[in-house]
Amino acid sequence: MEEATESGGEARYPGPRSILRYLRIEQQNNDDGTVWARFPALPDLLDEGGFLRLGALAPMCDLVAGSLASVAVDPDWVATSDFKLHLTKPVTSGHVEAVCRPLRVGKNMVLSETRLRDDEGDNAGLAVVTFNRLPRRAGQPANMAQKTGHMRLRSKVEERRIPFDEYLGLRFQKDAAVIELDHHERIYNSFGSIQGGGMGSLLERAVSYAGYRLWKNPARTIDIHFSYTAQAREGPFRIEAEVIRAGKDDILCRVQLSDLGLEGRIAAIGTGIAVRID
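Predicted model only: the values in this text are computed from it and were never measured.

### So, the layout of surface pockets
What the second largest pocket holds in volume is close to 330 Å³. If you go around the second largest pocket, you meet 20 residues; those closest to its centre are Asp47, Glu48, Arg53, Asp165 and Arg205. Counting residues per element, the ones that place at least two in the lining of the second largest pocket are helix 3 (164-168), helix 4 (196-215) and strand 10 (219-228). Top contributing element to the lining of the second largest pocket by residue count: helix 4, with five residues. Here the lining of the second largest pocket is built from residues that sort into ten nonpolar, two polar and eight charged.

### Overview of the environment of Gln173
With respect to the element layout, Gln173 can be found in the loop between strand 8 (171-172) and strand 9 (178-181). According to the relative accessible area criterion, Gln173 is partly exposed, its value standing at 26%. Expressed as a C-alpha distance, the spacing of Gln173 and Ser193, which sit 20 residues apart in the sequence, is 24 Å. Beyond its immediate sequence surroundings of up to four residues, Gln173 is in contact with Val178, Glu180, Tyr209 and Arg238.

### What to know about the pattern of salt bridges
Under the counting rule described, the total for this entry stands at 23 salt bridges. A salt bridge links Lys89 to Asp122, with the nearest nitrogen and oxygen atoms 2.7 Å apart. On the criterion of sequence distance, the pair formed by Lys89 in the loop between strand 3 (77-87) and strand 4 (95-105) and Asp122 in the loop between strand 5 (109-117) and strand 6 (123-134) is long-range, its members being 33 residues apart. Accessibility expressed as a relative area gives 31% for Lys89, which makes it partly exposed. On the accessibility criterion, Asp122 (34% relative accessible area) is partly exposed. When the shortest N-O distance is used, the salt bridge between Arg233 and Glu234 registers 3.0 Å. A relative accessible area of 38% places Arg233 in the partly exposed class. Looking at Glu234, the relative accessible area reads 39%, which means it is partly exposed. One salt-bridge network, held together by shared partners, links Arg24, Asp44, Arg154, Glu158 and Arg161.

### Quick look at the pairing of strand 1 (residues 26-29)
As defined by bridge partners, strand 1 adjoins strand 2 (residues 35-40) across four bridges and the pair is classed as antiparallel. Across the sheet, Gln27 pairs through a bridge with Ala37, a residue of strand 2. Connecting strand 1 to the antiparallel partner strand 2 that follows it, the hairpin turn spans five residues, and Gly33 within it adopts a positive phi of roughly 90 degrees. Two strands pair when backbone bridges link them, and strand 1 and strand 7 (residues 149-152) are joined in this way by four bridges, in the antiparallel orientation. Each bridged residue has a counterpart across the sheet, and for Gln27 the counterpart in strand 7 is Met151.

### Points about empty space enclosed by the protein
This model, assessed by the stated rule, comprises one cavity of 30 Å³ or more. Size it by volume and the largest cavity reaches roughly 50 Å³. What lines the largest cavity is simply Pro16, Arg17, Ser18, Arg21, Tyr22, Ser155, Val157, Glu158 and Glu159.

### Brief notes about the packing of helix 2 (residues 54-73) against helix 4
In contact at an axis separation of 7 Å, helix 2 and helix 4 are set at 160 degrees when each is read in the N-to-C sense. Taken together, helix 2 and helix 4 sit at an angle that is classed as roughly antiparallel. In the packing of helix 2 onto helix 4, the handedness of the crossing is right-handed. Residues Leu54, Gly55, Ala58, Pro59 and Asp62 of helix 2 form the contact with helix 4, whose own contacting residues are Gly196, Gly197, Gly198, Gly200, Ser201 and Glu204. Residue composition of the contact of helix 2 with helix 4, by class: three nonpolar, six polar and two charged.

### Quick word on helix 2
Its 20 residues place the ends of helix 2 28 Å apart at the C-alpha level, agreeing with the 28 Å of an ideal helix rising 1.5 Å per residue. Of all 20 residues in helix 2, 18 are buried, a share of seventy percent or more.

Criteria and thresholds
- Residues numbered from 1 in each chain as written.
- Predicted model: local features only at pLDDT ≥ 70, side-chain atom pairs only at ≥ 80, totals over all residues.
- Heavy atoms only, no water.
- 1 Å grid on protein atoms, 1.4 Å probe; cavity = no way out; pocket = protein on both sides within 12 Å on 5 of 7 lines; lining within 4 Å.
- Points joined across faces, edges and corners; volume = space filled by probe spheres on them.
- Helix = DSSP H or I, 4+ residues; strand = E, 2+ residues; numbered from the N terminus.
- Nonpolar A, V, L, I, M, F, W, Y, C, P; charged D, E, K, R; others polar.
- Buried < 20%, exposed > 50% of the residue type's maximum accessible area, 1.4 Å probe, protein only.
- Contact = heavy atoms within 4.5 Å.
- Salt bridge = Lys/Arg side-chain N within 4 Å of Asp/Glu carboxyl O.
- Pairing = 2+ DSSP bridges.
- Axes fitted to C-alpha atoms, helices over the stretch in contact; angles between N-to-C directions.
- Parallel < 35°, antiparallel > 145°, perpendicular 65-115°, else oblique.
- Left-handed = near helix turned anticlockwise from the far one by under 90°.
- Expected span 1.5 Å × (residues − 1).

Next up, the structure:
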């Protein structure tokens, strides 16, 4: 059974094929202003070493931060501006739980932190996300923020479970740490651009691919930090990772996503750290 709101109504966002529904996220907006969520570490979301991918965690972190920001600026809208996610303890099964708290609510932005924990209550990661406030224009609907309430983001007819790279529609170049993909509704935000969590999923994969190419061995992204420079709304998109520091077992990369449908305009740029998978 699908629940888009506490009363079971249908939400305009996320859409029926959204990555947020595919991940089976459960969310609770609390009276104290925090936002709680969790989702299962399904086998198709694990990397070659059996650990939950950072790219699977990013959408939940962006969702809870966005929900918190939407309530804070209601009736205005928000959009992801800056996103940081650091993993601490690998998760191999069970659920990952997120609790998001506000750090600063300003005139033009909302800054929050999200702590991740596994089923044992151990610290699994930390996200710090900044959302820009977008003033509501005349005739524009309210942002539909729920101050309190519970949601289970599931689709009535769920897509079949496939490898996460295939789900994202990634095309890997063999001669460079470059990935391309077409724009599709699985990664849409409410404006039809790549949503913040989806952007995190794409950029982290380019970083781990750079590690694979360097070591000829699977790699795991454990840290991603990026900023939006423009909306990624046309496609196809190109993601490029450049190794700027290489160690025996870890790398630091510069990573960016460009919108080839808009003359190669850079939509997001940042850094990522990947480690070798034993």
